[in-house]
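# Residue-level structural notes
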Amino acid sequence: MPTPVPITVAHGDGIGPEIMAATLHILKEAGAALEIDTIEVGEKVYLTGNTSGIAPSSWDSLRRTKVFLKAPITTPQGGGYKSLNVTTRKMLGLYANIRPCVSYHPFVRTKHPGMDVVIVRENEEDLYAGIEYQSTPDEIVALKVISRPGSEKIVRYAFEYAMQYKRKKVTCFTKDNILKMTDGSFHKIYDEISAEYPSLEKEHWIVDIGAAKLADTPEAFDVIVMPNLYGDVLSDVAAQIAGSVGLAGSSNIGAHAAMFEAIHGSAPRRAGQNLANPSGLLHGALLMLVHIGQPDVGERIHNAWLRTLEDGVHTYDIFQEGLSKQKVGTKEFAQAVVSRLGQKPQTIKAAEYSTTPRPPIKLPTPKPAPKADLVGVDVYIEWPSREPNSLAAVIGKASGDGLTLEMMANRGVKVWPEGSPQTLCTDNFRCRFLGSSVTEKQIVALLDRIGGLKLPIGMTVSLRNYDGKAGFTLAQGQ
Ligand code: NAD
């Protein structure tokens, strides 16, 4: 018996305790060597008034074991509560979310018999940075954060994953025809890193048509890497079209820790009835067994599980009259898997887990910083009349001392000079002042002059060129 590996386990909310009990039962019977530390997270913790959903002492357990097997939790609706999943990913630096979505035709109903897609989702950045502001009474903004080190890590992870699991292709989804700087940078980094893996096929799709193709012909894809928001949405779509959200598991991997879970939520309506399918969490646990160096145990469980599906022993969510043989509850399903340990599927290809240890993913080395030149500032001004020319007449008086009002935009569209009368304006105007070789002191003096004109200043953003290239976009229509 190998030395037990310490892991932290949370039983979660809703169906969580039932599917966790079923999963741990299977792991134990299959001979997984684990030393389990149980923590409480989720609803009960939130309702004690802890808005993070996790007690400080639980972080000690997670930092000690560095491996977290987590059942789904319920996030109370409404203000103040932070998503524990997002908090855990960020606190532990879990930058990669891996979601294999596989169909089990003909044993689980699916329109896509040959589907075997792995979604590699960036897990810490993008709109999930959660930086939002109410800029003015009319406008709320969220900042989409895409960093070079963050993108390099996730793209490299996707290529390393493809090599280790003998995949053929890594596709990238972005929306860089519109988000030219953020998604454009992700795409550019994908191009740079893909050049280091000549044996793998690569391709890039604009996310909208890529998503349509994925939903229609998932067989055309293998590994897909994408920024956080697209990955969140499309991995649920991919899991559902493979057969059921109740089947897929996911891993959240960082340099120092990892978290394993089902992709679905706590399904409160199904809780306490011995109904839920434990397979999603079990798949999370299989990914964990590979991570902690017990792939042989993972392979045994995986094959027993495939055999259970083939034998038609199904929970309600995948049960089909005519094909399924026995409708079972959570506990009975787990028992059916346990009783098949040592068996292999007869029709579906048996799982074969590599026993070669996975080398750690190379972390990016920072590039030398480009030469930055300050060339101006965007100043957001609240202007309740929502009429651009009258604002230009006032704020234009702040020009001078090397900074000139060049342009005003509203919701990204140029509205001065020569705006289109059809453009709907809100009360938040972006006023762009430009100069050459500008100093911070000049910008502070400009803001002081704008304040002197009694104009309410919102966000201000410095405008820089990096190695001579603008570090900001033009407004639409500019
Ligand atoms: P959900 O995934 O919990 O459930 C949606 C539906 O899918 C269920 O009603 C059920 O019909 C089906 N389903 C899901 N898992 C199943 C399983 N294992 N077996 C059989 N059927 C299953 O989504 P929801 O209802 O939108 O969210 C419920 C709660 O879960 C919310 O509080 C949400 O915040 C939370 N949530 C948590 C996580 C997580 O902890 N990782 C993820 C998503 C949602």
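Shown above is the structure to which this text applies.
Report on the accompanying structure. Being a predicted model, the structure only gives us computed values, none of them experimental. (Residues numbered from 1 in each chain as written. Predicted model: local features only at pLDDT ≥ 70, side-chain atom pairs only at ≥ 80, totals over all residues. Heavy atoms only, no water.)

## Some remarks on the overall build of the protein
- Along the backbone of the protein there are 13 helices and 20 strands.
- Across its three principal axes, the protein shows a C-alpha extent of roughly 80 × 55 × 45 Å.
- Within the span of the protein, comprising 478 residues, buried residues form 50% of the whole.
- As displayed, the protein offers around 21800 Å² of accessible surface, 55% of which is attributable to carbon and sulfur atoms.
- For the protein, the centre of its 51 positive side-chain charges and the centre of its 51 negative side-chain charges are spaced 2 Å apart. (Helix = DSSP H or I, 4+ residues; strand = E, 2+ residues; numbered from the N terminus. Buried < 20%, exposed > 50% of the residue type's maximum accessible area, 1.4 Å probe, protein only. Areas by Shrake-Rupley, 256 points an atom, 1.4 Å probe, with all protein chains shown as cover. Lys, Arg positive; Asp, Glu negative; His and termini not counted. Charge placed at Lys NZ, Arg CZ, Asp CG, Glu CD.)

## A closer look at the sheet that holds strand E20 (residues 469–470)
- Overall, antiparallel pairing links the six strands, which are arranged E17-E16-E18-E15-E19-E20 in an open sheet. Of all strands in the sheet, those bounded by a partner on one side alone are strand E17 (413–416) and E20.
- One ladder, built from two bridges, connects strand E19 (residues 457–466) with E20; its direction is antiparallel. By the bridge assignment, Tyr466 is partnered in E20 with Lys469. (Pairing = 2+ DSSP bridges.)

## Digging into the pattern of salt bridges
- With the rule as written, the count across this model stands at 24 salt bridges.
- Glu124 serves as the salt-bridge partner of Lys153, at 3.9 Å between the closest nitrogen and oxygen. Within this pair, whereas Lys153 is found in helix H5 (residues 148–164), its partner Glu124 is found in the loop between strand E5 (116–122) and strand E6 (132–134), the two being separated by 29 residues in sequence.
- Overall, the relative accessible area of 19% leaves Lys153 in the buried class.
- What makes Glu124 partly exposed here is its relative accessible area of 22%.
- Here Lys175 makes a salt bridge to Asp208, at a shortest N to O gap of 2.6 Å. Of the two residues, Lys175 sits in the loop between strand E8 (169–174) and helix H6 (182–194) while Asp208 sits in helix H7 (residues 207–216), which places them 33 residues apart along the sequence.
- A residue is classified by how much of its surface remains accessible, and Asp208, at 44% relative accessible area, is partly exposed. (Salt bridge = Lys/Arg side-chain N within 4 Å of Asp/Glu carboxyl O.)

## Remarks on empty space enclosed by the protein
- Considering all chains together, one arrives at one cavity of 30 Å³ or more under this definition.
- Counted as a void, the largest cavity has a volume near 30 Å³.
- Considering the residues around the largest cavity, the lining is formed by Val86, Arg89, Lys90, Arg121, Asn123, Tyr128 and Asn228.
- By residue number, the principal contributor to the lining of the largest cavity is helix H4 (residues 84–91), which donates three residues.
- Residues that form the lining of the largest cavity fall into these classes: two nonpolar, two polar and three charged.
- No fewer than three residues from each of domain 1 (1–93 + 245–359) and domain 2 (111–242) sit in the lining of the largest cavity. (1 Å grid on protein atoms, 1.4 Å probe; cavity = no way out; pocket = protein on both sides within 12 Å on 5 of 7 lines; lining within 4 Å. Points joined across faces, edges and corners; volume = space filled by probe spheres on them. Nonpolar A, V, L, I, M, F, W, Y, C, P; charged D, E, K, R; others polar. Domains from an automatic or database assignment.)

## Digging into the sheet that holds strand E3 (residues 67–70)
- Reading across from one edge, E2-E1-E3-E12-E11-E4-E5-E10-E8-E9 is the order of the 10 strands in this open sheet, with mixed pairing throughout. At either margin of the open sheet sits one strand with a lone partner, and together these are strand E2 (34–39) and strand E9 (201–206). Averaged over all adjacent pairs, the angle separating strand axes in this sheet is 20 degrees, with direction ignored.
- Contacting strand E1 (5–10), E2 and E3, helix H1 (residues 16–30) crosses the sheet at an angle of about 125 degrees to E3.
- Strands in contact with H4 are E3, E5, strand E11 (249–253) and strand E12 (258–262); relative to E12, the strand with the most contacts, it is inclined by about 155 degrees. (Axes fitted to C-alpha atoms, helices over the stretch in contact; angles between N-to-C directions. Contact = heavy atoms within 4.5 Å.)

## Focus on the pairing of strand E15 (residues 372–382)
- E15 sits mainly inside the fold: eight of its 11 residues count as buried.
- One ladder, built from eight bridges, connects E15 with E19; its direction is antiparallel. Bridging from a neighbouring strand, Ile381 pairs with Ile457 of E19.
- Summarising the sheet, E15 and strand E18 (residues 428–434) pair through seven bridges and their orientation is antiparallel. Residue pairing for E18: Val377 is matched across the bridge by Phe433.

## Looking at the site of the ligand
- Taken together, 19 residues form the shell around the ligand, and within it Ile73, Gly265, Ala267, Asn277 and Tyr316 come nearest.
- Ser266 places a main-chain nitrogen or oxygen 3.0 Å from an oxygen atom of the ligand.
- One of the side-chain N or O atoms of Arg270 is found 3.5 Å from an oxygen atom in the ligand.
- The fraction of the free accessible surface of the ligand (810 Å²) that becomes covered by protein chains is 69%.
- Partitioning the shell around the ligand into residue classes produces seven nonpolar, seven polar and five charged. (Near = heavy atom within 4 Å. Polar contact = N/O pair within 3.5 Å; in protein donor to acceptor, adjacent residues only side chain to side chain.)

By themselves these figures say nothing about function.
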